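Single-letter residue listing:
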Amino acid sequence: MELTPREVEELQEKLLIVHRFIAQEKKFKNFYYQGIDIKENIPSDQGIVYKLMELDDAEELLKNCILELEDMKRDGKSFNPSEFHEFLINQDWGFLYKKYGMKTSEDVGHLDLERLLELL
């Protein structure tokens with residue numbers, strides 16, 4: 001399935017937001033609720049965020065998807081691990097949240113992730 005450059009950019013931005021949310025939630029859960037099974041309160045019609053949260057390797061899966069999209073944007077030139085970390089740090093999260101109608105990362109359930117499901 002071919003994606004336009006705009007679709008690649010949008011999908012990558014949404015994946016970045018989901019990646020950040022899941023990473024933060026898992027760190028929070030591991031720090032405060034270690035050993036306690038809690039259910040995340042994520043409003044989502046599709047439930048994809050819930051399903052990703054259940055995966056042990058969700059962050060790695062999302063990272064690989066983000067890297068593949070970046071490869072598409074950069075004509076096959078891949079990030080090394082330090083470049084990826086810097087790429088995450090340099091994101092304008094406020095802009096991305098505003099662009100997709102989010103107030104905080106907890107609004108991740110409102111993202112339209114159907115395109116991601118089609119690609120998986």
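The following paragraphs examine the structure supplied in this document.

1. Some thoughts on the overall build of the protein chain
Here is step 1: Helices and strands together make up the secondary structure of the protein chain, namely 6 helices and 0 strands.
Here is step 2: Scanning the protein chain from its N terminus toward the C terminus, one meets helices and strands in the order α-α-α-α-α-α.
Here is step 3: Looking at the protein chain as a whole, 39% of its 120 residues are labelled buried.
Here is step 4: Taking the contacts inside the protein chain whose residues are at least 6 apart along the sequence as the reference set, 72% of them involve residues at least 24 apart.

2. Examining the pattern of salt bridges
Here is step 1: Following the criterion strictly, the structure yields 4 salt bridges and no others.
Here is step 2: Salt-bridge contacts for Glu-9 lead to Lys-73; the nearest nitrogen and oxygen are separated by 2.9 Å. In this pair, Glu-9 is assigned in helix 1 (residues 5-32) and Lys-73 in helix 3 (residues 58-73), connecting sequence segments 64 residues apart.
Here is step 3: Since its relative accessible area comes to 29%, Glu-9 is described here as partly exposed.
Here is step 4: Note on Lys-73: relative accessible area 34%, which makes it partly exposed.
Here is step 5: Among the ionic contacts, a cluster of salt bridges with common partners joins Glu-9, Glu-70 and Lys-73.

3. Structural notes on the nonpolar core
Here is step 1: Of all hydrophobic cores here, the largest spans 32 residues; its most connected members are Leu-15, Ile-17, Val-18, Ile-22, Val-108 and Leu-111.
Here is step 2: At the level of secondary structure, the elements contributing two or more residues to this core comprise helix 1, helix 2 (48-54), helix 3, helix 4 (81-89) and helix 5 (93-99).
Here is step 3: With 8 residues, the top contributor of residues to this core is helix 1.
Here is step 4: Leu-15 has contacts with Leu-62, Cys-65, Ile-66, Leu-69 and Leu-116, leaving out every residue within four places of it along the chain.

4. A look at the environment of Leu-62
Here is step 1: Secondary-structure assignment places Leu-62 in helix 3.
Here is step 2: Residues Leu-62 and Gln-12, spaced 50 residues apart in sequence, show a C-alpha to C-alpha distance of 9.6 Å.
Here is step 3: Excluding anything up to four places from it in sequence, Leu-62 contacts Leu-15, Val-18, His-19, Ile-22 and Leu-52.

5. Details of helix 4
For an α-helix, the turn length of 3.6 residues means that residues three or four places apart are oriented alike.
Here is step 1: Turning to helix 4, its buried residues number three or more, namely Phe-84, Phe-87 and Leu-88. Each buried residue of helix 4 lies within a common arc of 100 degrees when the element is viewed along its axis, so the set occupies one face. Across from the buried face of helix 4, at angles greater than 90 degrees, the exposed residues are Glu-86 and Ile-89.

6. With respect to the side chain of Ser-105
Here is step 1: Topologically, Ser-105 is positioned in the loop between helix 5 and helix 6 (114-119).
Here is step 2: Beyond its immediate stretch of four places on either side in the chain, Ser-105 contacts Phe-21, Gln-24 and Tyr-97.

7. Concerning the environment of Met-53
Here is step 1: Looking at the element boundaries, Met-53 is found in helix 2.
Here is step 2: Assessed through its relative accessible area of 10%, Met-53 is described here as buried.
Here is step 3: Along the sequence, Met-53 and His-19 sit 34 residues apart, while their C-alpha atoms lie 10.0 Å from each other.

Definitions and cut-offs
- Residues numbered from 1 in each chain as written.
- Predicted model: local features only at pLDDT ≥ 70, side-chain atom pairs only at ≥ 80, totals over all residues.
- Heavy atoms only, no water.
- Helix = DSSP H or I, 4+ residues; strand = E, 2+ residues; numbered from the N terminus.
- Buried < 20%, exposed > 50% of the residue type's maximum accessible area, 1.4 Å probe, protein only.
- Contact = heavy atoms within 4.5 Å.
- Salt bridge = Lys/Arg side-chain N within 4 Å of Asp/Glu carboxyl O.
- Core = buried A, V, L, I, M, F, W, Y, C linked by side-chain atoms within 4.5 Å.
- Arc of directions from axis to C-beta.

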